[in-house]
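What follows is each chain in one-letter form.
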Amino acid sequence: MTINAYIEQLIAYAQKYLLLSRRDITYTRNRLFDILGVESNEQGDFDEIPELPDSILQGIFACLEQEGKAFDKATLGEKLMDAVMLRPSEYETIFWEESEAFPVDATDWAYDYAVHSDYVKKSAIDKNLKWLAETGLEITINLSKPEKNNKDLQKQLDVKSTSYPLCAICRDNEGFERPGFSRRNMRTISLELAGEPWFWQYSPYAYFNEHGIAVSCEHTPMKLDEKTAVRLFDFVDRFPHYFIGNNAPLPRVGGSILMHDHFQGGRYILPMQKVGYRTLLKSKKYPDVKAGILDWHNTALRLEGKRDEVAALAYKIAEAWRKYENAELDILPFTGETPHSTASFIARKTDERYILDIILRNNRQSEEHPDGIFHAHREYHHIKSESIGLIEAMGLFILPARLKRQLFTVKRILAGEKVELAEDMLMFKPMIERLQKEHGVVSAHDAETIVKCEVENTCRSILENTAVFKGDKEGQSALVKFLSSVGLKTER
């Protein structure tokens, strides 16, 4: 096909999936001619309209390469999609018109639009390796997400940005482009949470169905305050079929973007949300709130009840936790004026009540655990060394792309192949030697099972590392005692 044929195919695609009006076809075609430097209006033929734009974009790229033109594929692709899409105001208007009566249909439409406009990279997401572990955890090897360094994340808070946009999730990114970075085809939805301007956008490399982020319109650092639960409940009031939660707002236990307040959520039930109570609790002040310690790998609580009562009790727990000290369990709230204790709140809504899960976190370091006492310990860094943020703390592990190659090498070795370990494989040597000692030489099928089981057990151990109150008798007794200090007593 010629480049003109691909242009016509893209226009037809946009008519079918992106609400391109017949009235705007000539205008849009001329925009595409200008972007691509096409001088002929000769219209080529094409066979069919694909379900996603990948093949059309790749065809255009191939034509340009044949002409010897230099370009960045990601940036050009987003510029082309932007040219055939609805403007941000049009996208938002359609969304809210639909949402007033049918919020589920509205989010279905908005997410599908994000996929068809190639903002959500479905083709890349579908290549990720994923499975459900016997432990109940969900594990994915994300082939598109770069591995991040915790020290770099700390620097984000120490350096005041002066660039435009100030960070990768600011609303100023909508339609923005610079060399090597583009958000041309990004579309957002305005929100009001606790009386403040926020917005919603879907995540380009979604971890789960309709995964997105709610972002403050103000570029201000992540925080946990008396309005956090209120903001979350405002969101689920509007979208009761979604969950939403905040990353813990401290380095090593938070997410990858700490300099800008935001939440994560979507239309999904994560493993932690499926578990029941380990210990039920009762509050004299809030007798209608059902409360308890979750039967989970880290330290997680759940509150269920009326909106205002749940929000008030959650903030009371968070404030007490920020000041809690138990040196015997390595829990110290401060080093000097530097805070260590914080929490994640995760909100849901049913027809009858509001549900708020609370994960207690602490980012303190020690000589034995320089990366964090309640972080993945060093013996697990070959599998995962990044911060364990909200999504992973709830049981969906996002493992680095390097593992696809590295674990394949481990399987070959267990199956008896002689393999010289590359430098980035040396960290797997203790694991390989231990598995060889336990299992000897095994079949390729058994090697696959053994390695998967090893990854699953490691992920569970990492979550146990992050538990501030361990699952043993001493840890659970201390947790119950802490909760009694905020008026939550075990049911008898």
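Residues numbered from 1 in each chain as written. Predicted model: local features only at pLDDT ≥ 70, side-chain atom pairs only at ≥ 80, totals over all residues. Heavy atoms only, no water.

Colleague: In this structure, what is going on with the environment of D472? I would like to understand it.
Modeller: As for its position among the elements, D472 is in the loop between α15 (444-466) and α16 (473-484). For D472, a relative accessible area of 41% corresponds to the partly exposed category. Here G475 takes part through its backbone nitrogen, which lies 2.7 Å from a polar atom of the side chain of D472. (Helix = DSSP H or I, 4+ residues; strand = E, 2+ residues; numbered from the N terminus. Buried < 20%, exposed > 50% of the residue type's maximum accessible area, 1.4 Å probe, protein only. Polar contact = N/O pair within 3.5 Å; in protein donor to acceptor, adjacent residues only side chain to side chain.)

Colleague: Would you explain empty space enclosed by the protein in this entry?
Modeller: Applying the stated criterion across every chain yields a total of two cavities of 30 Å³ or more. Along the walls of the largest cavity sit Y91, Y113, A114, S117, Y119, N185, R187, Q201 and Y202, which together make up its complete lining. Looking at the lining of the largest cavity, the elements with two or more residues in it are α6 (103-116) and β6 (196-202). Each residue belonging to the lining of the largest cavity can be placed in one class, and the counts come to five nonpolar, three polar and one charged. Taken as a whole, the second largest cavity spans an internal volume of roughly 30 Å³. (1 Å grid on protein atoms, 1.4 Å probe; cavity = no way out; pocket = protein on both sides within 12 Å on 5 of 7 lines; lining within 4 Å. Points joined across faces, edges and corners; volume = space filled by probe spheres on them. Nonpolar A, V, L, I, M, F, W, Y, C, P; charged D, E, K, R; others polar.)

Colleague: Where do I start with the packing of helix α13 (residues 402-414) against α15 in this structure?
Modeller: The angle between the axes and the distance between the axes are what describe a pair of packed helices. Between α13 and α15, the least distance of the axes is 9 Å, while the angle of their chain directions is 130°. Classed by the angle they form, the pair α13 and α15 counts as oblique. In the packing of α13 onto α15, the handedness of the crossing is right-handed. Residues L407, V410, K411 and L414 of α13 touch α15, and the partners they reach there are A447, E448, I450, V451 and V455. Partitioned by chemical class, the residues of the contact of α13 with α15 number seven nonpolar, no polar and two charged. (Axes fitted to C-alpha atoms, helices over the stretch in contact; angles between N-to-C directions. Parallel < 35°, antiparallel > 145°, perpendicular 65-115°, else oblique. Left-handed = near helix turned anticlockwise from the far one by under 90°. Contact = heavy atoms within 4.5 Å.)

Colleague: Quick question: what am I supposed to make of the sheet that holds strand β9 (residues 262-266) here?
Modeller: Across a sheet, paired strands are connected by hydrogen bonds in the backbone, their directions being either parallel or antiparallel. The strand order across the open sheet formed by eleven strands is β5-β6-β7-β9-β8-β15-β16-β12-β11-β10-β18, and the pairing between neighbours is antiparallel. Here the strands that pair on one side only, and so sit at the sheet edges, are β5 (189-193) and β18 (488-490). Going across the sheet, the axis of each strand differs from the next one's by a mean of 30°, ignoring polarity. Relative to strand β16 (residues 354-362), helix α11 (residues 307-323) is tilted by about 5°, and along the sheet it contacts β12 (300-305), β15 (341-349), β16 and β18. (Pairing = 2+ DSSP bridges.)

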